[in-house]
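Descriptive analysis of the structure
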Amino acid sequence: MQRRQFLKGMGLLGLGAGSLSLSRLAAALGSEQTLAEDYLLIACAKQQQQHYLAAANAQGEVVYRLPLPARGHDVALAKPEQQLGICVARRPGDFAQLFNPLSGEALALLSPPDNMHFYGHACFSEDAQQIYLTAGSAQTSQGWVLVYQRQQQQWQLAEQWPLDGLGPHQLLLLPGKRLVVAVGGIHTQGREKLNLDSMQPALVYLHSETGQHLLTRSLSNSKLSIRHLAYSPQSDSVWLACQGQDPQQQPESLIYSQQGQGECVALDPHADYWPMFDQYIGSIICHQGQVLASSPRAGKLAAWSEQQGELEQLMQYDDVCGLAQTADAWHASTGQGLLIHQASDLSRQRTQLQWDNHMALLSLS
């Protein structure tokens with residue numbers, strides 16, 4: 001079957017926004033046991049003009065809300081037993097809130113050095129004694145990785161590692177002491193983009209203990225800003241979610257993969273469905289042999305086969321962006337208040353919060 005025919009036959013799975021009770025969800029899924037998984041979905045959110053860090057349980061019930069001084073972007077968690085998380089302000093941000101992800105208790109509040117901004121993302125070292133945050137110069141957008149070190153109950157800025165590029169965004173700690181950084185390539189003042197004619201996105205690897213540069217890979221299309229990342233342990237590959245910066249251009253793909261010393265490889269290049277994503281991928285995860293990506297701008301949530309590179313599922317949800325996974329299911333969130341779960345069946349829950357860009361999952365089992 002041709003892909004165009006496949007998509008036409010499959011259609012866009014548009015699901016209504018009605019509120020679902022626990023009993024109705026259980027009936028839809030076949031048993032309440034499916035809903036009794038022990039986890040918390042944790043993300044930034046907004047309600048009545050107040051910004052929060054919020055957590056919802058498997059039943060869609062909001063279990064805590066921690067007020068934030070401004071809009072947050074991403075949430076990163078250490079290992080469950082380390083009971084530590086961090087919420088980073090939206091770029092260009094001036095706070096990173098540490099918290100206990102189980103209780104929602106506020107811990108330390110980090111600030112960037114003078115004349116720098118946080119760029120929305122962080123990750124923890126294996127022992128949770130260091131936090132890595134992307135940052136940039138307020139004047140030039142020159143990229144940095146800031147390393148904060150735990151000293152008893154305090155956190156101190158210990159290292160500042162320069163990046164060869166502007167506007168870094170998400171970063172991940174990988175096996176083998178590799179720290180991989182998505183460098184968007186864009187110089188901004190506030191939210192205004194100033195160098196789209198000369199932007200140079202890149203994927204940069206550093207040694208996580210020394211900051212030594214290990215590898216840089218670029219895209220053949222310099223008008224794609226690399227924003228978000230996912231890691232597949234099965235193939236030891238990194239998946240790149242991009243956002244197009246030239247409205248006159250239709251990119252061959254918005255998702256790339258990179259493995260080992262290899263170059264970045266486009267996912268399903270020149271497929272006829274890429275215009276449907278409006279040049280914008282918001283979040284990306286790898287789950288059970290699939291790559292899932294969201295496009296809040298286009299209202300699309302899609303899944304590809306990681307091995308075959310074929311589009312397997314395409315869904316329509318207004319303002320969908322956040323993605324996370326358990327061993328058996330993936331989870332998504334929307335700015336309209338929906339929490340979406342895909343295990344053996346698809347279920348949705350309506351909440352009163354407007355969920356923001358990204359989502360983390362804390363396993364309680």
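Definitions and cut-offs
- Residues numbered from 1 in each chain as written.
- Predicted model: local features only at pLDDT ≥ 70, side-chain atom pairs only at ≥ 80, totals over all residues.
- Heavy atoms only, no water.
- Pairing = 2+ DSSP bridges.
- Helix = DSSP H or I, 4+ residues; strand = E, 2+ residues; numbered from the N terminus.
- Axes fitted to C-alpha atoms, helices over the stretch in contact; angles between N-to-C directions.
- Contact = heavy atoms within 4.5 Å.
- Buried < 20%, exposed > 50% of the residue type's maximum accessible area, 1.4 Å probe, protein only.
- Phe/Tyr/Trp six-rings, centres within 6.5 Å; stacked < 30°, edge-to-face > 60°.
- Lys NZ or Arg CZ within 6 Å of the ring centre and 35° of its normal.
- Salt bridge = Lys/Arg side-chain N within 4 Å of Asp/Glu carboxyl O.
- pLDDT = per-residue confidence, 0-100.
- Polar contact = N/O pair within 3.5 Å; in protein donor to acceptor, adjacent residues only side chain to side chain.

Once that is clear, we can look at the sheet that holds strand S14 (residues 178-183). With respect to topology, four strands assemble into an open sheet ordered S13-S14-S17-S18, the strand pairing being antiparallel. Only two strands of the sheet have a single neighbouring strand rather than two, namely strand S13 (168-174) and strand S18 (213-217). Pairwise comparison of adjacent strand axes, ignoring direction, gives a mean angle of 20 degrees for this sheet.

Among the structural elements, Thr134 can be located in strand S10 (residues 130-137). With near-sequence residues (within four places) excluded, Thr134 lies in contact with His117, Phe118, Tyr119, Gly120, His121, Trp144, Pro168, His169, Leu171 and Val181.

Relative to the helices and strands, Leu314 is located in strand S26 (residues 311-316). For Leu314, a relative accessible area of 3% puts it in the buried group. In this structure the C-alpha to C-alpha distance between Leu314 and Ser294, which are 20 residues apart in sequence, comes to 9.9 Å.

Moving on, we get to the packing of aromatic side chains. The full count for this structure, using the stated rule, is eight aromatic pairs. Here Phe118 and Tyr148 contribute two aromatic rings whose centre-to-centre distance is 6.4 Å and whose plane-to-plane angle is 65 degrees, an arrangement assigned as edge-to-face. Separated by 30 residues along the polypeptide, Phe118 in strand S9 (residues 116-124) and Tyr148 in strand S11 (residues 142-151) bring together distant segments of the chain. On the basis of relative accessibility, which here comes to 4%, the residue Tyr148 falls in the buried class. Measuring from centroid to centroid gives 6.3 Å for Tyr273 and Trp304, while their planes differ by 50 degrees, and the two rings are tilted. Within this pair, whereas Tyr273 is found in the loop between strand S22 (265-266) and strand S23 (284-287), its partner Trp304 is found in strand S25 (residues 300-305), the two being separated by 31 residues in sequence. Each member of the pair Tyr273 and Trp304 is classed as buried. Taken together, Tyr273, Trp274, Phe277 and Trp304 form an aromatic cluster joined through their ring pairs. Sitting above the plane of the Tyr52 ring, Arg65 keeps its charged end 4.8 Å from the centroid.

For the rest of this paragraph, the subject is the pattern of salt bridges. Within this structure, the stated rule accounts for five salt bridges. In this structure, Arg71 engages Asp356 in a salt bridge whose closest nitrogen and oxygen atoms are separated by 2.9 Å. Here Arg71, found in the loop between strand S4 (62-67) and strand S5 (72-77), pairs with Asp356, found in strand S31 (residues 354-363); they are 285 residues apart in sequence, far enough to count as distant. A salt bridge links Asp236 to Arg178; its shortest N-O distance comes to 2.8 Å. Within this pair, whereas Asp236 is found in the loop between strand S19 (224-232) and strand S20 (237-244), its partner Arg178 is found in strand S14, the two being separated by 58 residues in sequence. Judged by its relative accessible area of 30%, Asp236 is partly exposed. Its relative accessible area of 18% is what places Arg178 among the buried residues.

Confidence in the prediction of the chain, expressed as mean pLDDT, is 90, and 90% of residues score 70 or more. Counted against residues more than four places away or in other chains, residues 1-36, with its pLDDT under 50, gives 56 contacts.

This next bit is on the side chain of Asn221. Residue position: Asn221 is located in the loop between S18 and S19. Look at Asn221 and you get buried, because its relative accessible area is 15%. Within the structure, Asn221 has its side chain in polar contact with the backbone nitrogen of Lys223 (distance 2.9 Å). Separated by 2.7 Å, the side chains of Asn221 and Gln249 make a polar contact. Beyond its immediate stretch of four places on either side in the chain, Asn221 contacts Pro201, Gln249 and Pro251.

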